[in-house]
Amino acid sequence: MGSRFGRALEKRLPLIVVSPLFAASLIFVYGFILWTVWISFTRSRVLPNYDLAGLLQYERLWSTPRWHVALSNLVIFWLLFVVLCLMIGMLLAILLDQRIRIEGVIRTIYLYPMALSFVVTGTVWKWILNPGLGIERVMHQAGLEGFRFDWLVNPDYAIYTVVIAGVWQSSGYAMALFLAGLRSVDDELLKAAAIDGASPLRTYMRIVLPMMRPVLMSVVIILSHLAIKSFDLVVALTGGGPGYATDMPATFMYSFAFQRSELGLAAASAVMMLMTVIAIIVPYLYSELRRT
Amino acid sequence: MKQVSGIVRPKGWARTLQRVLLFAVLGLFCVYYLVPLFVMVSTSLKSLAEIREGTLLAPPRAINTEAWAKAWRSACVGVRCNGLQPYFVNSVLMVVPAVLISTFLGALNGYALTKWRVRGADTIFALMLFGAFIPFQVILLPMARTLGELGLAGTIPGLVFVHTIYGLAFTTLFFRNFFIGVSNGIVQAAQIDGAGFFGIFFRIVLPMSIPAIVVTVIWQFTQIWNDFLFGIAFTVGESNPVTVALNNVVNTSTGVKEYNVDMAAAIIAALPTLAVYVVAGAWFVRGLSAGAVKG
């Protein structure tokens, strides 16, 4: 590599390494998004058709009742999932932060569902919530003969079973993030508060929790992101049913793209999902990147 | 002494009560998280007759491993009745190369972006980072077509390709954040000694990034093993990864519903990531919080 060519090459190596990876990102992320956006403005059905047809697919999408079901399910799931995970996560983090000797063991138990696939979680909860053999049977044997629990197959309540399983899987994650945040609060500050005679409760409410605002922000964003993308859990737990009662945008898109061969409509729904994510993530990323 | 303990006592009582309450709540949540695991394991060890008679929460009367054998070797996934075994192998063949390649490229990329003056490094990074957040529904259709044109549709190499491409954003992010904390002086000193871009990377930077490598490998392994969307969208039948096969086993509607086989299958599909979590839990948590603090 002593030659001039060698040195010139060496000087450009970093760029030579980064360029193909960056190009891959430009093609497979941005290029593909553009393709999908384009297709969403066409009449494409089984095969892509590149002639623009205006907002046709978006009009079809918004006049499809199933899309409205998917959206309202997303809102229900999103709200409940985020709020419950936040509450459980925060509670557990605060409790675990009380100098507990077996904290490591407890934390491991709280967090292991995060290592599971949503498909596994869905499979287990499908069995636990099984009308007849599941919780219902347990209650009957405990003497509550009249107990009925058929949410899994009840179109009005099935979406809440998705919430139950989702919260079980992800609340430990929220706990871990909050705990990391609590641990980063300066010990000196807490000591000073104690010396000033502030009770532990007061210290938490007035000092610790306000300092957790950025962590809270991150957790909300991460959970929201999980909620919007949720697909596996719904497929494994309810299969989107009964009927399409537990459809979400992600399962809607999949079924119109791969089962019904409605490329244009599927693309339009994917674009709607992308817009939602962008609305949440971009301001967050922007503020995060500016901080570092 | 006596006096002091006398004064402190009421407070001590309150404190004991507080601790008891604290552990009661913590214990209750332990039960909450563990019950599904217990149900899964105990159901998988029961016979179908025992399942129909008893309840979810009853432990198995005798250990019966038939459901496990069936889930592994002969359960029906669609029309094929070879159990989960071939799909488990598919997942292994998918996850190993995908994790290694995406981690290696992420390390190289993060190193080039932080330790060498690549023009526009920050912009490049910000643009690539976005790829970690997009809902993948937005790339499913063009990717399916691209895989078809590359002759990779419905194959394991196709899945490796997809996971590598979309794993890059996270691996780059993680290594970039790690390398930012590494002093530039080491790289500059090595440069003065005549070491080049790859020399410094392989002999100096990689050996010191073992912790970052471990966290990234664990994270990528978990993500890719547990993936369902790419698996179901880009593979068919024989090339399905284990998560898709599990879903097919559970939702195959022919014949008698065998809950014990379903549960054994679920455990088999979950075992690799659970094992990683148990062995390397601390690293796993670091990956989670790194995944959280993107940027």
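Residues numbered from 1 in each chain as written. Chains lettered and ligands numbered in written order. Predicted model: local features only at pLDDT ≥ 70, side-chain atom pairs only at ≥ 80, totals over all residues. Heavy atoms only, no water.

A. Inspection of the domain arrangement of chain B at higher detail. Residues and elements named next belong to chain B. Partitioning chain B into structural domains gives domain 1 (2–64) and domain 2 (85–292). Summarising the inter-unit geometry, the C-alpha centres of domain 1 and domain 2 are found 36 Å apart. The interface is formed by 9 residues belonging to domain 1 together with 9 residues belonging to domain 2. When domain 1 packs against domain 2, the two sides together hide about 690 Å² of surface, and 81% of this comes from carbon and sulfur. Viewed at the interface, domain 2 and domain 1 are joined by 0 salt bridges. (Domains from an automatic or database assignment. Contact = heavy atoms within 4.5 Å. Buried area = accessible area lost by both parts, 1.4 Å probe. Salt bridge = Lys/Arg side-chain N within 4 Å of Asp/Glu carboxyl O.)

B. Looking closely at the confidence of the model for chain B. Residue and element names in this part refer to chain B. For chain B, per-residue confidence averages 86 on the pLDDT scale, and residues scoring 70 or more make up 93% of the total. Helix H14 (residues 281–292) is the least confidently modelled element of chain B, averaging 66 in pLDDT, while helix H4 (residues 85–115) averages 94, the highest of any element. Ignoring residues within four places in sequence, the model shows residues 1–9, a span with pLDDT below 50, making 0 contacts including any to other chains. (pLDDT = per-residue confidence, 0-100. Helix = DSSP H or I, 4+ residues; strand = E, 2+ residues; numbered from the N terminus.)

C. Representation of the side chain of Ser209 of chain B in the model. Residue and element names in this part refer to chain B. Mapping Ser209 onto the fold places it in the loop between helix H9 (197–208) and helix H10 (210–226). One polar contact links the side chain of Ser209 to the main-chain carbonyl oxygen of Val205, over a distance of 2.5 Å. Beyond its immediate chain neighbours, meaning those up to four positions away, Ser209 contacts Phe175, Phe178 and Phe179. (Polar contact = N/O pair within 3.5 Å; in protein donor to acceptor, adjacent residues only side chain to side chain.)

D. Region of interest: the interface of chain A and chain B. Contact with chain A, which involves 88 residues of that partner, is made by 87 residues of chain B. The junction of chain A with chain B conceals about 7,900 Å² of combined surface from both sides, 79% of it contributed by carbon and sulfur atoms. Counting the surface chain A buries against chain B, the share from its top three residues, Leu21, Tyr112 and Trp127 of chain A, is 9%. The interface formed by chain A and chain B contains 24 residue pairs in polar contact (both at pLDDT 80 or more). With 17 residues, helix H1 (residues 4–40) of chain A is the largest single contributor of residues to the side of chain A that touches chain B. For the side of chain A that touches chain B, the per-class residue count stands at 67 nonpolar, 13 polar and 8 charged. (Nonpolar A, V, L, I, M, F, W, Y, C, P; charged D, E, K, R; others polar.)

E. Highlighting the pattern of salt bridges. Residues and elements named next belong to chain A. Scanning the entire structure with this criterion turns up 10 salt bridges over all chains. One salt bridge in this structure joins Glu103 and Arg183, with 3.0 Å as the shortest N-O distance. Here the residue Glu103 occupies a position in helix H4 (residues 103–111), and Arg183 occupies one in helix H7 (residues 158–183), the gap between them amounting to 80 residues. Overall, Arg183 belongs to the partly exposed group, its relative accessible area being 41%. (Buried < 20%, exposed > 50% of the residue type's maximum accessible area, 1.4 Å probe, protein only.)

F. Seen up close, the state of the cysteines. Taken as a whole, this structure holds 1 disulfide over all chains when the rule is applied. Here Cys76 of chain B is linked by a disulfide to Cys81 of chain B, with a sulfur-sulfur distance of 1.9 Å. Torsion about the S-S bond of the Cys76 of chain B and Cys81 of chain B cystine: about 100°, corresponding to right-handed handedness. Look at Cys76 of chain B and you get partly exposed, because its relative accessible area is 31%. For Cys81 of chain B, a relative accessible area of 36% gives the class partly exposed. There is no disulfide at Cys85 of chain A, and the cysteine sulfur nearest it, in Cys30 of chain B, is 17 Å away. For Cys30 of chain B, a relative accessible area of 13% corresponds to the buried category. (Disulfide = S-S within 2.5 Å.)

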